[in-house]
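Read off the chains here:
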Amino acid sequence: QGINMNGLVVLAACVCAGSAQVLFGGARAFNPAPSSQFHAQDEFGQFSFGHSGGPSARTEARNAYGVTTGSYQYIDANGLLQTVNYIADPVNGFRVAGTNLPVNTLVAPVFDLPLPVAVEDTPEVAAAKAEFAIAYAAAAAAAEAAPVEEAVVEAVAERKRRDADEVVAAAAPVVAAPAFLPYPYAGAYGL
């Protein structure tokens, strides 16, 4: 462990020396806004990155399911810190919320419409309906009073017998299936 600890000490010293600021005249260095950044990713499409420093910061990450989340901050022209958070996924799309975005305070509109009223027939339509009802009743009475001819009855009975024979003939199998079917799915359809 001594070698590992020595390595860490040397590494820390190199980092400090690399980021040191040299000022002449004995003045001390002052960094009012230290900055940092990071990045990581893997072979599954997951990543994570971010940076901060000065008046802004940002982070973003994506997981293996394709869901991306992130946030960023900045100071606007009025000197206020503005923060925006977002998430994007394949199911719900992109959604964002921020301190600089308006909030929906609208109320659903109320429709105060009159209720529907049943349609009333005009005098012309009422007269046409009355004429049709009279004509229909007369045609029904004439059909009932007319004698039924035996030829019509026999034709109807013959038609019923012929239809029944066609149904029986159509139900019989006509072609036998071959022993070899060239396509594997052909057997599923009874070919």
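Numbering of residues starts from 1 in each chain and follows the order in which that chain's sequence is written. The model is predicted, so local features are restricted to residues of pLDDT at least 70 and side-chain atom pairs to those at 80 or more, both for listing and for counting; the totals for chains, interfaces and linings are taken over all residues. By convention in this description, side-chain values take in all heavy atoms of the structure and omit both hydrogens and water.

1. Quick notes on a nonpolar patch on the surface
Grouping into patches uses exposed residues only, defined as over 30% relative accessible area, and leaves out salt-bridged ones; the cut-off is 9 Å for like charges and 5 Å for nonpolar side chains (Val, Leu, Ile, Met, Phe, Trp, Tyr). Accessible surface is estimated by sampling points in the Shrake-Rupley manner with a 1.4 Å probe; for residues, cover comes only from the protein chains shown. Any Lys or Arg side-chain nitrogen located within 4 Å of an Asp or Glu carboxyl oxygen qualifies as a salt bridge. A surface patch of nonpolar side chains, about 280 Å² in accessible area, is lined by Phe94, Val96 and Leu101. In DSSP terms, a helix is any run of H or I states spanning at least four residues, a strand is any run of E spanning at least two, and both are numbered starting from the N terminus. Tracing the chain through its elements places Val96 in strand β6 (residues 93–98).

2. Re the pairing of strand β1 (residues 36–41)
Here the term buried applies to any residue with accessible area under 20% of the maximum for its type, exposed to any over 50%, and partly exposed to those in between, with areas from a 1.4 Å probe on protein chains only. Of all six residues that make up β1, zero are buried, and the element is exposed over most of its length. Strands qualify as paired when DSSP identifies two bridges or more between them. Relative to strand β2 (residues 47–53), β1 is paired through six bridges, and the arrangement is antiparallel. Across the sheet, the residue bridging to Ala40 is Ser48, located in β2. In this antiparallel pair of consecutive strands, β1 and β2, the connection spans five residues, and Gly45 shows a positive phi of 90°.

3. With respect to the pattern of salt bridges
Between side chains of opposite charge, pairing is possible as soon as their charged atoms come close. Taken as a whole, this structure holds three salt bridges when the rule is applied. In this structure, Arg95 and Asp89 form a salt bridge, with 3.1 Å as the shortest nitrogen-oxygen distance. A salt bridge links Lys129 to Asp121; the shortest N-O distance between them is 2.8 Å.

4. What about the sheet that holds strand β5 (residues 81–89)?
Read across the open sheet, the six strands follow the order β1-β2-β3-β4-β5-β6; overall the sheet is antiparallel. Each edge of the open sheet is held by one strand with a lone partner, namely β1 and β6. Between one strand and the next, the sheet's axes are offset by a mean angle of 10°, whatever the strand orientation. Two strands pair when backbone bridges link them, and strand β3 (residues 56–62) and strand β4 (residues 68–75) are joined in this way by seven bridges, in the antiparallel orientation. Residue pairing in the sheet places Ala61 in a bridge with Thr69 of β4. Note on method: axes are straight lines fitted to C-alpha atoms, helices fitted across the in-contact stretch only, with angles between N-to-C directions ranging 0 to 180 degrees.

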